[in-house]
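For reference, the chains in residue letters:
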Amino acid sequence: MTNEQKKDWFLKLDPNGRIPVLVDNTQSPPFCVMETSAELLYLLKFADKDDKFGFKDELERNEALQWLFFWHGSGAPYQGQLNHFGKFAKDKIPYAIERFKNETLRVYGVLEIRLS
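Residues numbered from 1 in each chain as written. Predicted model: local features only at pLDDT ≥ 70, side-chain atom pairs only at ≥ 80, totals over all residues. Heavy atoms only, no water.

Let us now look at the UniProt feature "domain: GST N-terminal" (unreviewed entry) in the protein chain. The feature "domain: GST N-terminal" (unreviewed entry), as annotated in UniProt, sits at residues 1-51 in this numbering. The distance separating the terminal C-alpha atoms of residues 1-51 is 37 Å; by composition the span is 29% helix and 16% strand. (UniProt positions renumbered as here; feature names shortened; annotations may be inferred. Helix = DSSP H or I, 4+ residues; strand = E, 2+ residues; numbered from the N terminus.)

What follows is the structure in structure tokens.
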């Protein structure tokens, strides 16, 4: 709420100015990773040394990637727009609120079908 992520120090980590950002200080120089899906894949590759969370079966791995990209491309943007128009926009636009609410619910419905 203070827009700390728009300040120069943060923009050096993530030029897009979005939260979260991952900084791997075990690398020299420290390595920054932005975008949550990329952060998850980075952690899987570099932090899961025993391959407990990875996939040895390529079809299973590909299915997991499909759902990761589905959320990143659909769920996160719709939910973000719903939050913006529903909570933060100065002018409340009923059409925008309803559209992004319905799309967010639709995406959660697709996930519910897959998870059940």
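Moving on from the model shown.
Further remarks concern helix α4 (residues 94-115). Along its 22 residues, α4 runs 31 Å from first to last C-alpha, staying within 8% of the 32 Å computed at 1.5 Å per residue. Residues of α4 that are buried sit in contact with α3 (58-88). (Expected span 1.5 Å × (residues − 1). Contact = heavy atoms within 4.5 Å.)

In this section: the side chain of Asp 48. Positionally, Asp 48 belongs in the loop between α2 (36-46) and α3. Of the side chains with opposite charge, Lys 52 comes closest to the buried, unpaired Asp 48, at an N-O distance of 7.0 Å. (Buried < 20%, exposed > 50% of the residue type's maximum accessible area, 1.4 Å probe, protein only. Lys, Arg positive; Asp, Glu negative; His and termini not counted. Salt bridge = Lys/Arg side-chain N within 4 Å of Asp/Glu carboxyl O.)

Counting across every chain of the model gives five salt bridges. The salt bridge partner of Lys 56 is Asp 51, with a shortest N-O separation of 3.0 Å. A relative accessible area of 31% places Asp 51 in the partly exposed class. Put simply, Glu 58 and Arg 61 hold a salt bridge, and the shortest N to O gap is 3.8 Å. On the criterion of helical spacing, the pair formed by Glu 58 and Arg 61 is a turn pair, its members being three residues apart in helix α3. The class of Arg 61 is partly exposed, set by a relative accessible area of 37%.

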